Amino acid sequence: MATHSDGILVSASGISTPVETNGHVVERVVKSLPADFYTQFLSDTAKERKPSPIRGLFPLENKPGVISLLAGKPNNAMFPIKSLSFNITSPTDPSQEQSISLSEKDLSAGLQYGPTGGLPRLLKWFIGLQALSHGRKSGEGWSLTIGNGSQDLIYKAVNALVNPGDTVLVESPVYAGVIPMFKTLHCEQIEVATDANGVCSHLLRDILENWPVGKPKPKVLYTVPYGCNPTGMTATLERRKEVLQLAREHNFLILEDDPYFYLYFGKAARPLSYFQLELDEPEVGRVIRFDSFSKILSAGMRIGFASGPKPIIDVMELHTATANLQASSLTQAITLALAEEWGYNNFFVHTRAVADFYREKRDVFESALNEHLGGLAEWCTPEAGMFFWFKLLISPNQTPGVDEGDSEDLIRTKAYEGGVLALPGTVFLPNGRKTAFVRASFSLCTEEQVNEALKRLRAVLLKERGQA
């Protein structure tokens, strides 16, 4: 193991890569699953996808001497945008700004149709980022594709792996944005409970070991392992290893949705990702990882990327080629210019600053929770992300675990009428049911707003409890 400058543990890896162990250099061989292994996981739709008759031939245009009459690309001379410059905050001195200008060549690429999987230099930069952040090197059977945010890529992965009516494993509570994906496919969503330490792996084992005879087992598990939306939990290293072991034992793939990886601000070292941890498995290739720049660069630019087994990424790109052709060339070009200006070291300086910012926001929110909802709510302190998940003690005499009440009407109607807006916990439960939990975001509000919001919520809750 080595440690990068931002404190990320880096596993040296590769088909055959020197690794330092106790002062000695040894060869570490990474075995990847064969391409035909993934046929069993592909949906019927994915198996029917064929390369675009035009985009599939784009690489042939790169042969020297070829005159291409292939693509219906508009002529760049008719694009009115002739230059593009923007200012960014200096990662080493936030009081200063830096100016970045796209070169004529890069602007031209940004204004034109581009490769389905992404601009080559940006793909290369992201692959290098995965090596530094997760110890993953090229040549291990995985590839990377760029999408319009990670949500775009998650949808395409689900489409590639799940047939209508399939059973899927989802952590619960779960990011509400994936519930409609599975519902529109009429999937049976098997909820795997989580707690402050992540997916309850012992419950997952119980589910799988007691699976009905003759019923096909799930092919995928969806999880957000750092700063989960909505719960704020970060899965422990032990839980992650147990889930990976179960993936091998019961033959499923892990959809690792990780938009908050760089928003980790816990006191302990950040646990390794599933994508990195599978290097310690007998073979790699059971993790499809989704990264997002929405929380660290810009949400509106819609830049995300997926890393995973090449056969799965290839099918996702076939989907892209027919659905939206590619991620925006211009936002990719802007991202590339910034990434190359900063380099990896300054990128990590920036992400540490982002994490520190949200840690301070978290502390402000928790202080207000203690002041206004102490004794009226219960919560675990998040170590990453942007959310608090807290249980309202709706009845003053309730017995823990027995009819703890439902936050939905209280939050949707009464709290809103009282001047505060949050989300009732039921929207994050894949199969829907009553719950006393609430999700609150601490990313935008000032300290004054946070205190006022929780003061208002306290008044609503006291009235509900008959104590106003």
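Structural notes, computed from the coordinates. (Residues numbered from 1 in each chain as written. Predicted model: local features only at pLDDT ≥ 70, side-chain atom pairs only at ≥ 80, totals over all residues. Heavy atoms only, no water.)

## Brief notes about the layout of surface pockets
Its boundaries defined by the atoms lining it, the largest pocket holds a volume of some 1,000 Å³. Around the largest pocket, the lining comprises 38 residues; the ones closest to its centre are Gly-114, Pro-115, Thr-116, Gly-118 and Pro-120. Of all the secondary structure elements, the ones that give two or more residues to the lining of the largest pocket are α2 (104–111), α3 (120–134), β7 (142–148), α9 (310–323) and α10 (329–373). Among the residues making up the lining of the largest pocket, the classes are represented as 17 nonpolar, twelve polar and nine charged. In this structure, the second largest pocket spans a volume of roughly 760 Å³. In terms of lining, the second largest pocket is formed by 37 residues, of which the most central are Thr-194, Asp-195, Ala-196, Trp-389 and Phe-437. Mapped by element, the contributors of at least two residues to the lining of the second largest pocket are β9 (188–195), β15 (377–379) and β16 (387–392). (1 Å grid on protein atoms, 1.4 Å probe; cavity = no way out; pocket = protein on both sides within 12 Å on 5 of 7 lines; lining within 4 Å. Points joined across faces, edges and corners; volume = space filled by probe spheres on them. Helix = DSSP H or I, 4+ residues; strand = E, 2+ residues; numbered from the N terminus. Nonpolar A, V, L, I, M, F, W, Y, C, P; charged D, E, K, R; others polar.)

## Some remarks on the side chain of Gln-326
Mapped onto the secondary structure, Gln-326 falls in the loop between α9 and α10. Using a relative accessible area of 9% as the deciding quantity, one classes Gln-326 as buried. Polar contacts involving the side chain of Gln-326 include one to the side chain of Arg-55, which spans 3.0 Å. Side chain to side chain, Gln-326 and Ser-329 meet in a polar contact 2.5 Å long. Residue contacts for Gln-326: discarding those within four places in its chain leaves Arg-55, Gln-112, Tyr-113, Gly-114, Pro-115, Thr-116, Asn-148, Thr-320 and Gln-332. (Buried < 20%, exposed > 50% of the residue type's maximum accessible area, 1.4 Å probe, protein only. Polar contact = N/O pair within 3.5 Å; in protein donor to acceptor, adjacent residues only side chain to side chain. Contact = heavy atoms within 4.5 Å.)

## With respect to the nonpolar core
In terms of nonpolar packing, the biggest core is built from 120 residues, with Leu-161 and Phe-390 touching the most fellow members. Examining the composition of this core, we find that 15 residues originate from one element, α10, more than from any other. If sequence neighbours within four positions are ignored, Leu-161 has contacts with Phe-41, Ser-43, Asp-166, Lys-219, Val-220, Leu-253, Leu-255, Ile-288 and Ile-312. (Core = buried A, V, L, I, M, F, W, Y, C linked by side-chain atoms within 4.5 Å.)

## So, the sheet that holds β15
Spatially, four strands are ordered β15-β16-β18-β17 in an open sheet, and the strand pairing comes out antiparallel. Every interior strand has two partners, whereas the edge strands, β15 and β17 (423–424), have only one. Relative to strand β18 (residues 437–441), β17 runs antiparallel, the two being bridged by two bridges. Opposite Leu-423, over in β18, you have Arg-439 as the bridge partner. Of the strands in this sheet, β15, β16 and β18 touch α10, which is tilted by about 15 degrees from β16. (Pairing = 2+ DSSP bridges. Axes fitted to C-alpha atoms, helices over the stretch in contact; angles between N-to-C directions.)

## Describing α9
Its 14 residues give α9 an end-to-end C-alpha distance of 20 Å, which sits within 8% of 20 Å, the value for a rise of 1.5 Å per residue. Among the residues of α9, Ile-312, Ile-313, Val-315, Met-316, His-319, Thr-320 and Ala-321 are the ones counted as buried. Buried-residue contacts for α9 involve α1 (44–48), β7, α4 (149–161), β13 (287–292) and β14 (303–309). Residue Leu-325 follows α9 closely and has a positive phi angle near 70 degrees. (Expected span 1.5 Å × (residues − 1).)

## Things to note about the pairing of β7
Consecutive residues of a regular strand have side chains that alternate between opposite faces of the sheet. By the criterion of burial, β7 is predominantly enclosed, with six of the seven residues buried. Bridging between β7 and β14 involves seven bridges; their strand directions are antiparallel. Within the sheet, the bridge partner assigned to Ile-146 lies in β14 and is Phe-305.

## Description of empty space enclosed by the protein
Applying the stated rule across the entire model yields two cavities of 30 Å³ or more. Each pocket or cavity is described by its volume, and for the largest cavity that value is around 50 Å³. The greatest single-element share of the lining of the largest cavity, amounting to six residues, is contributed by α10. Looking at the lining of the largest cavity, its residues break down into eight nonpolar, two polar and no charged.

## Observations concerning the side chain of Ser-43
Relative to the assigned elements, Ser-43 resides in the loop between β4 (24–28) and α1. At 3.1 Å, the side chain of Ser-43 forms a polar contact with the backbone nitrogen of Ala-46. With residues near it in sequence (within four places) discarded, Ser-43 still touches Asn-159, Ala-160, Leu-161, Val-162, Asn-163 and Lys-219.

## Here's the deal with the environment of Phe-37
Mapped onto the elements, Phe-37 comes out in the loop between β4 and α1. Sequence-wise, Phe-37 and Phe-58 are 21 residues apart; in three dimensions their C-alpha atoms are separated by 28 Å. Look past the residues within four positions of Phe-37 in its chain and what remains in contact with it is Asn-251 and Arg-286.

## Description of the packing of aromatic side chains
A full pass over the atoms with the stated rule returns 22 aromatic pairs. Relative to Phe-387, the ring of Tyr-260 lies with its centre 6.1 Å away and its plane at 90 degrees, an arrangement referred to as edge-to-face. Of the two residues, Tyr-260 sits in the loop between β12 (253–257) and α8 (274–277) while Phe-387 sits in strand β16, which places them 127 residues apart along the sequence. When its relative accessible area of 4% is taken as the criterion, Tyr-260 is described as buried. For the ring pair Tyr-262 and Phe-348, a centre distance of 6.4 Å and an interplane angle of 45 degrees mean the geometry is tilted. Taken together, the positions of Tyr-262 in the loop between β12 and α8 and Phe-348 in helix α10 put the pair 86 residues apart, joining distant regions of the chain. Given the relative accessible area of 0%, Phe-348 is considered buried. Put simply, the rings of Trp-125, Phe-126, Tyr-226, Phe-261, Tyr-262, Phe-293, Phe-305, Tyr-344, Phe-347 and Phe-348 pair up and form one aromatic cluster. Sitting over the face of the ring of Tyr-274, Arg-240 holds its NZ or CZ atom 5.9 Å from the ring centroid. One residue, Arg-289, lies across the ring of Phe-261, its end atom 5.1 Å from the ring centre. (Phe/Tyr/Trp six-rings, centres within 6.5 Å; stacked < 30°, edge-to-face > 60°. Lys NZ or Arg CZ within 6 Å of the ring centre and 35° of its normal.)

Don't take any of this as a statement about function, it's just geometry.
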